[in-house]
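Given next are the chains, with one letter for each unit.
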Amino acid sequence: MAISTTAAVNGSHGSEKVNDVCVVGAGPAGLMLSVVLARLGLSVKVLDERPDQTSVGRADGIQPKTIETLQMLGLGDELLRQGVRVYDICMWATTDDGSIKRQGRETHYPKDVVDVLHPFILLCHQGMVEKTLLDDMSLSGLDVEREQTFQTYRHGEDGLLHIESCGADSSTSETQSHYLVGCDGARSAVRKAIPGTYSEGSPHNSVWGVLDGELVTDFPDIWSKTLVHSHEHGTLLIIPRERNMTRLYIEMKNSGPAKGLGEEFVMEQARRVLQPYQVEWKTVEWFGNYAVSQRVAARFSDPELKAFIAGDASHSHSPKAAQGLNTSVHDSWNLAWKLNLASRGLSAGDDILLRTYEDERKKIAHDLIDFDFEHANQIAGGDPKLLAENFRKNTKFISGVGVEYGRNVINQGTAVGSLAPGLILPPAKVTRFIDANPVHVQLDIPVLGQFRIYFIAADLGRAAGFLSRVNDLIASESSLLSRLSRAAAESYTRKPRAARSEDVFRPSERYTSASHLFTYALITSTDKNQFELASLPSLLSSSPWTVYLDNAYPSVSETTHGCIEKWLGACEPNTITILNVRPDGYVGSVCQWENSDMAQADKAAQWLEAYYGGFLAA
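Residues numbered from 1 in each chain as written. Predicted model: local features only at pLDDT ≥ 70, side-chain atom pairs only at ≥ 80, totals over all residues. Heavy atoms only, no water.

S.K.: Would you take a moment to explain the pairing of strand β26 (residues 587-594) for this structure?
M.R.: Within a regular beta strand, the side chains point alternately toward one face of the sheet and then the other, so they alternate between its two faces. Bridging between strand β25 (residues 575-581) and β26 involves seven bridges; their strand directions are antiparallel. Bridge pairing in β26 links T577 to Q592. What sits between the antiparallel neighbours β25 and β26 is a turn of five residues, in which G585 has the positive phi angle 90°. (Pairing = 2+ DSSP bridges. Helix = DSSP H or I, 4+ residues; strand = E, 2+ residues; numbered from the N terminus.)

Here you go:
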């Protein structure tokens, strides 16, 4: 459903300002969504009922894929400096003599199991993540409107959503917006306002207390992620934290409901589990208690695809595998680029692109609930061997790189090598041709709302004719990709991306010279002295910052494999691979061609147009 031209140009409706998107909730999910949308140039209004951001406690574990996602946005360096990195996990349990002893130690993300750039969990409290996102929002000229409680919304005859909120002084105000996204937590008011969007599932019997503070203890594994199981007193999970703190998750075995369990009661339970080791609290920064529940919303949007939910509003689960914040920000990561294209009228009819949000993220929510139920039971069960097996089996999913979207209109075809539709790009290093810098190819192109089209040719000499033919076909005036690029250029002229002070260090023009919708890139093993940028076909020669040499190994790489070998396996010199990568970094489609056959080049151009024509419209 494309927005009206008047609203797109003027951003107003009558005397009221019309927003592209109204975001309810300024936790990690809401802030992540707002950061991306504001950067891409949409007008965003952010409402939050709290008077200020999170200051202590709450979510604390950032997984490897989330670290990479923040780095794609140029964020996270301060979190990496300040947070605690956890590389291992220790298992302790009661022995026959009644004392607890270490039963084993596992590498959290072993190289033979999962391929990640950052093989650790980064621990820092939720407020630090929120501050990082709030600071970035301010660079785009966006702030949170605090102490605004969402009440309801309605579809107006003018085609807009009319959103009612209530201030701290009980005054009401109305926001007009094309889209609404509820990121307002497990008790989401937005979810309750969307017809048929109820939370379904069942509570778990497990009750837990949680404490953040600085400990005085003789327990030896305080700086590892550690699980301690006492047959008599239950289970304790130890998480090292920033500023010399430690988080303890304490199972309140046989203690009754979470409500009413006080701080001292929880501390005493921790002492019982850890005996004969001593533990006292020098300081306590945050305390909470909860009963574990696993729930997923029946719908993630209203029937009109105008109101959506994300984060804890759409799914809830236990916090012990450090998935809540991570899953929430990736809900927003998935939705943001789709809202951007839909708002610009570039999505194909029947809102086909927005329909993929629920299709993809609801699957991940159910995958998470299934894993969480199994994992929480293994933690409560306390068998170190079974827990280690469970963790190893689910390592890819826990890290985030094992998240897999099913086949749909934006995830098409079959895998080629390790490149599979619906999965993220495996990390790999290459050398940028233009400045000879070694870079991580999956992180190098900034987030500008574009699709990435990689041409991967081991032997550029043999592929030259093929590349020229494909280039001429998709760069022609009448091609779909050219028409889409012209429509995108007109949209970004009317509604430009945010002008940010940091852009002077990495100008977006480097990546939008050929198209505002597509970044064209080349990866080749050909020696740099064998070709010049000017000799490449026009779409590539006009994108000099995305021409890459596959020679950044082994001296500057973590692997002895080059990018092409890592992604494709043994790549024949007479083949060329075309890879479509979505704006969120997931593989959309990939196919190989015989580069000496010009008929294959024609088919490759048709393949590209068929893929993008399935969900984009000029």
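S.K.: Would you mind showing me how to read the nonpolar core here?
M.R.: When a protein is soluble and globular, its nonpolar side chains tend to lie buried together. Among the nonpolar cores identified, the biggest contains 69 residues, and L180, V181, F308 and L339 are the most heavily contacted of them. Sort the elements by how many residues they give to this core and helix α2 (residues 28-40) lands first, with nine residues. Not counting residues within four places of it along the chain, the set of residues in contact with F308 comprises Y179, L180, V181, G182, V190, I194, F300, S301, L335, L339, L354 and Y357. (Core = buried A, V, L, I, M, F, W, Y, C linked by side-chain atoms within 4.5 Å. Buried < 20%, exposed > 50% of the residue type's maximum accessible area, 1.4 Å probe, protein only. Contact = heavy atoms within 4.5 Å.)

S.K.: How do you make sense of the sheet that holds strand β20 (residues 429-432) when you look at a structure like this?
M.R.: The pairing of strands in a sheet happens through backbone hydrogen bonds and is either parallel or antiparallel. Strand order across the open sheet formed by seven strands is β21-β20-β24-β23-β22-β25-β26, with mixed pairing between neighbours. Unpaired on one side and paired on the other, β21 (438-440) and β26 mark the two borders of the sheet. Here the strands of the sheet are splayed against their neighbours by 30° on average, with no regard to which way each runs. As defined by bridge partners, strand β22 (residues 451-457) adjoins strand β23 (residues 518-524) across seven bridges and the pair is classed as parallel. Paired with F451 across the two strands is F518, which belongs to β23. Helix α13 (residues 460-474) contacts β22, β23, β25 and β26 of the sheet and is inclined by roughly 150° relative to β22. Packed onto the sheet, helix α18 (residues 598-613) meets β22, β23, β25 and β26 and runs at close to 170° relative to β26. (Axes fitted to C-alpha atoms, helices over the stretch in contact; angles between N-to-C directions.)

S.K.: Sorry, what's going on with helix α5 (residues 126-139) here?
M.R.: Since the α-helix turns once every 3.6 residues, residues separated by three or four places project in the same direction. Over its 14 residues, α5 extends 21 Å from the first C-alpha to the last, a length consistent with the 20 Å expected when each residue adds 1.5 Å. Listing the buried residues of α5 in full gives Q126, G127, M128, V129, E130, T132, L133, L134, D136 and M137. Just downstream of α5, G141 is the residue with a positive phi angle, here 80°. (Expected span 1.5 Å × (residues − 1).)

S.K.: Looking at this structure, I do not really get the packing of helix α14 (residues 480-494) against α18. What am I missing?
M.R.: The packing of two helices is summarised by the inter-axis angle and the distance between the axes. Two elements in contact, α14 and α18, have axes separated by 9 Å at closest approach and are oriented at 45°. Considering their axes alone, α14 and α18 lie oblique with respect to each other. Listed contacts from α18 to L480, L481 and L484 of α14 are L608, E609, Y612 and G613. When its residues are assigned to classes, the contact of α14 with α18 shows five nonpolar, one polar and one charged. (Parallel < 35°, antiparallel > 145°, perpendicular 65-115°, else oblique. Nonpolar A, V, L, I, M, F, W, Y, C, P; charged D, E, K, R; others polar.)

S.K.: Teacher, can you tell me more about unusual backbone geometry here?
M.R.: For residues other than glycine, phi is negative in most cases, and the peptide bonds are mostly trans. A cis amide bond links Q275 with the next residue in sequence, P276, at an omega value of 15°. With respect to the helices and strands, the residue P276 is situated in the loop between α7 (263-274) and β17 (279-297). Phi angles above zero are rare outside glycine, and S170 is one such case at about 75°. Along the chain, S170 turns up in the loop between β11 (161-167) and β12 (172-182). Of the residues examined, S170 reaches a relative accessible area of 56% and is grouped as exposed. The phi angle at A436 is positive, at roughly 60°, despite the residue not being glycine.

S.K.: Explanation requested: α7 in the structure shown.
M.R.: The terminal C-alpha atoms of α7 lie 17 Å apart, and with twelve residues this matches the ideal 16 Å at 1.5 Å per residue to within 8%. Those residues of α7 lying buried are V266, M267, Q269, A270, V273 and L274. Down the axis of α7, the buried side of the element spans an arc of 160°, and every buried residue falls inside it. (Arc of directions from axis to C-beta.)

S.K.: Looking at this model, I keep getting lost on the packing of aromatic side chains. Mind explaining?
M.R.: Each pair of aromatic rings is reported with the distance of its centres and the angle of its planes. Evaluation of the coordinates by the stated rule reveals 20 aromatic pairs. The interplanar angle of 45° and the centroid separation of 6.2 Å between the aromatic rings of F518 and Y520 together place this pair among those described as tilted. By relative accessible area, which is 0% here, F518 ends up buried. You can call Y520 buried: its relative accessible area is 2%. Between F518 and Y612 the ring centres are 4.9 Å apart and the planes differ by 70°, which places this aromatic pair in the edge-to-face class. With F518 in strand β23 and Y612 in helix α18, this residue pair connects regions lying 94 residues apart in the sequence. Each member of the pair, F518 as well as Y612, carries the same accessibility label: buried. An aromatic cluster is built from W337, F451, F518, Y520, Y611, Y612 and F615, whose rings are joined through pairwise contacts. One cation-aromatic arrangement involves R344 over Y492; the distance from NZ or CZ to the ring centre is 3.7 Å. (Phe/Tyr/Trp six-rings, centres within 6.5 Å; stacked < 30°, edge-to-face > 60°. Lys NZ or Arg CZ within 6 Å of the ring centre and 35° of its normal.)

S.K.: Where do I start with the confidence of the model for the protein chain in this structure?
M.R.: For residues with low pLDDT, the predicted coordinates do not support detailed interpretation. With 92% of its residues at a pLDDT of at least 70, the protein chain reaches an overall mean of 90. Throughout residues 1-15 the model reports pLDDT below 50, and contacts reaching past four residues in sequence, or to other chains, amount to 24 contacts. (pLDDT = per-residue confidence, 0-100.)

S.K.: So what exactly am I meant to see when it comes to the pairing of strand β15 (residues 234-240) here?
M.R.: Most of β15 sits inside the fold, with seven of its seven residues counted as buried. Note that strand β14 (residues 225-230) and β15 share five bridges and pair antiparallel. Residue pairing in the sheet places V228 in a bridge with L236 of β15. Counting the residues in the hairpin turn of β14 and β15 gives three residues.

S.K.: What is the right way to read the packing of helix α3 (residues 64-72) against helix α8 (residues 324-343) from this model?
M.R.: Relative orientation of the contacting elements α3 and α8 amounts to 40°, with a least axis distance of 10 Å. The pairing of α3 with α8 is recorded here as oblique in orientation. Along this stretch, α3 crosses α8, giving a crossing that reads as left-handed. Every residue of α8 that contacts α3 at K65, T66, T69 and M72 is listed here: N326, V329, H330 and W333. Its residues assigned to classes, the contact of α3 with α8 shows three nonpolar, four polar and one charged. (Left-handed = near helix turned anticlockwise from the far one by under 90°.)

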